[in-house]
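# Residue-level structure breakdown
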Amino acid sequence: MTPFDTAVSRDACAARDTSDPLAALRDRFVLPQGMIYLDGNSLGPLPRAAVDMFSYTIEQEWGQNLIKSWNTAGWFDMPLRLGDRIGALIGAAPGQTVVCDTTSINLYKAVCAASGLRSDRDVIVAEAASFPTDLYIIEGAMKSTGRPMKRRLIGADGPLDALLDDRVAVVVLSHVDYRTGALMDVAAITEQVHKAGALVVWDLCHSAGVIEFAFDADAIDFAVGCTYKYLNGGPGSPAFISVASRHQAAASHPLSGWWGHAAPFDFDRDFRPDAGIKRFLCGTQPIISLRGVDAALDALEGVTVAALRHKSLALTALFINRVSTLLPDLEIVTPRDPTLRGSQVAIAFEHGYAVVQAMIERGVIGDFRAPDIMRFGFAPLYLRFQDIWDAAEILAACVRAEVWRDPRYSRRSAVT
Ligand SMILES: *Cc1c(COP(=O)(O)O)cnc(C)c1O
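The structure presented is a predicted model; accordingly, all values stated were derived computationally and were not measured. (Residues numbered from 1 in each chain as written. Predicted model: local features only at pLDDT ≥ 70, side-chain atom pairs only at ≥ 80, totals over all residues. Heavy atoms only, no water.)

The feature "modified residue: N6-(pyridoxal phosphate)lysine" (unreviewed entry), as given by UniProt, occupies K229 in the numbering adopted here. Here K229 shows up in the loop between β9 (222-225) and β10 (239-243). Judged by relative accessible area, K229 falls into the buried class, the value being 8%. The contact partners of K229, leaving out residues within four places of it in the chain, are G40, N41, S42, G44, C205 and H206. (UniProt positions renumbered as here; feature names shortened; annotations may be inferred. Helix = DSSP H or I, 4+ residues; strand = E, 2+ residues; numbered from the N terminus. Buried < 20%, exposed > 50% of the residue type's maximum accessible area, 1.4 Å probe, protein only. Contact = heavy atoms within 4.5 Å.)

Set out below in structure tokens:
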């Protein structure tokens, strides 16, 4: 049975929910009554267990135990401990991942380190369609290498094949395109980059926790990603960085803070990096926010990424099928081929902003990415097939009612 077969009726969707082996996971999250949340690719919902974990950390560990908690509550080791748990989700053996800082900062460290490992080369390749912070960070990292660097952009300057040569030090790519939802062939691209003698940095922001990734099996060099999207760690929760063991001893980056020192409590005058992944830490980490990641990873206990991916594809297939049935004129820009699709569906529509606003008013939360993309994220941990059916109906109702004629749906907020 292909996932499309479920698209026959709302009752069929409800029946599919009843037999869904992941259905019970929904109870692990706080989901407001009457809301269909299709924005877990921007900010995941609150794991129920996070509330108690946050209050215990605040009232007991901080309130009562104070500084002792660095040792007794395991605060100091949290970046490594959580890093190994995320490593398990992305196919990275322990000792290669730490949870810390933001994706932007971790990307900076990764690009600087990768460039340093290829110091005889002077080109960084990235995608013109990257999430903008990735491009901005690459610009900054290029200035930090201490040598003149050049940037080539996939899309603007040509396809990847045409841009790879013996000048390329690093290629930075997103596993899933944040706008279109297109999924990259990680194994093939990584092999191609390696053949050209360059290193690869994969940005997993739109795949960590929902799509399989084979960090070790595909011989990935570096990966970064955030924990507040499909991983549900909370607003601004710390990100992660993975660095292959084979690179760690020679990998260095400019943010040489004391948490990356081999012996931070020796208070040496000179920086001596930790031998392993800890060298990618910089300074004191936000413990309360790290607890959000801790609780979010607990909410994934007993679930495989393969099972999440399987349901995610069924959800996106159902939505694509319903939207193309109800609104055949809309342009779905996300690939229909499941092997090329992430966990979101993007629809290009000139009145997309107003339609998304009208849908939000009707309880379906998606988002909008300029200039004209309506974006809907499908998180298999807590979404039901009936939610997808209803969301497509509400989208169709908004488009048919031409909601963009009402000026109140066109007012823009700072965050879209
Ligand atoms: C969400 C996202 C980021 C976010 O970076 P922050 O430093 O957490 O703001 C970076 N890259 C991509 C591809 C993203 O989707």
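Inspection of the region around the ligand gives T102, T103, S104, F131, T133, D134, S174, D203, C205, H206, Y228 and K229 as its neighbouring residues. Contact between the ligand and S104: an oxygen atom at 2.6 Å from a side-chain N or O atom of the residue. Protein burial of the ligand: of its 390 Å² of free accessible surface, 86% is covered by the chains. Looking at the shell around the ligand, the elements that each hand over two or more residues are α5 (103-117) and α6 (132-144). For the shell around the ligand, the class distribution of residues is 3 nonpolar, 6 polar and 3 charged. (Near = heavy atom within 4 Å. Polar contact = N/O pair within 3.5 Å; in protein donor to acceptor, adjacent residues only side chain to side chain. Areas by Shrake-Rupley, 256 points an atom, 1.4 Å probe, with all protein chains shown as cover. Nonpolar A, V, L, I, M, F, W, Y, C, P; charged D, E, K, R; others polar.)

Once that is clear, we can look at the sheet that holds strand β14 (residues 367-369). Spatially, β11-β12-β15-β14 is the arrangement adopted by the 4 strands of the open sheet, whose pairing is antiparallel. Edge positions in the open sheet fall to β11 (331-332) and β14, since each of these has one partner strand only. Looking at chain direction, β14 and strand β15 (residues 373-377) are connected through 3 bridges and run antiparallel. Looking at β15, one finds that F368 is bridged to M374. (Pairing = 2+ DSSP bridges.)

It is worth spelling out the UniProt feature "binding site: pyridoxal 5'-phosphate" (unreviewed entry) in the chain at this point. Annotation from UniProt places "binding site: pyridoxal 5'-phosphate" (unreviewed entry) at T103, S104, F131, P132, T133, D134, D203, H206, Y228, W258 and T284. A maximum C-alpha distance of 30.6 Å among these annotated residues, which run over 182 residues, shows that they spread across the structure rather than meeting at one spot. By the element assignment, S104 lies in helix α5. Dropping the residues within four chain positions of it, S104 is found in contact with T133 and I137. Within the secondary structure layout, D203 lies in strand β8 (residues 199-203). Discounting residues that sit within four places of it in the chain, D203 has contacts with T103, D134, L173, S174, H175 and V224.

Spatially, β4-β10-β9-β8-β7-β5-β6 is the arrangement adopted by the 7 strands of the open sheet, whose pairing is mixed. Among the strands making up the open sheet, the edge pair consists of β4 (97-100) and β6 (150-154). Ignoring strand direction, the axes of neighbouring strands in this sheet form an average angle of 20 degrees. Pairing of β9 with β10 involves 4 bridges; the strand directions are antiparallel. Along β10, the bridge assignment pairs F222 with V243. Lying on the sheet, helix α4 (residues 78-89) is in contact with β4 and β10; it crosses β4 at an angle near 120 degrees. Strands β5 (123-127), β6, β7 (168-174) and β8 of the sheet are contacted by α6, whose axis makes an angle of about 160 degrees with β6. (Axes fitted to C-alpha atoms, helices over the stretch in contact; angles between N-to-C directions.)

Cis geometry marks the peptide bond from A370 to P371; its omega dihedral reads 5 degrees. Relative to the elements of secondary structure, P371 occurs in the loop between β14 and β15. Residues other than glycine seldom take positive phi values, yet F267 does so here, at roughly 50 degrees. In this structure, F267 sits in the loop between α9 (245-248) and α10 (287-298). What makes F267 exposed here is its relative accessible area of 60%.

Counting 94 residues, the largest nonpolar core has F319, I347, V355 and L395 as the members making the most contacts within it. Built from parts of two domains, this core gets at least three residues from each of domain 1 (10-48 + 304-409) and domain 2 (76-298). Among residues more than four places away in sequence, those in contact with I347 are F319, V323, L330, E331, I332, V333, D372, I373, M374, F376 and L395. Judged by nonpolar contacts, the second largest core, of 33 residues, contains A126, L153, V201 and I277. (Core = buried A, V, L, I, M, F, W, Y, C linked by side-chain atoms within 4.5 Å. Domains from an automatic or database assignment.)

On to the side chain of T190. As for its position among the elements, T190 is in helix α8 (residues 186-195). Taking relative accessible area as the criterion, T190 reaches 1% and is therefore assigned buried. The residues touching T190, leaving out its near neighbours within four places in the chain, are V200, W202, D218, A219 and I220.

Moving on, we get to helix α11 (residues 305-326). In a regular helix each residue adds 1.5 Å, so 22 residues correspond to 32 Å; α11 covers 31 Å between its end C-alpha atoms and thus fits that length. Extensive coverage of α11 is indicated by the burial of 16 of its 22 residues. (Expected span 1.5 Å × (residues − 1).)

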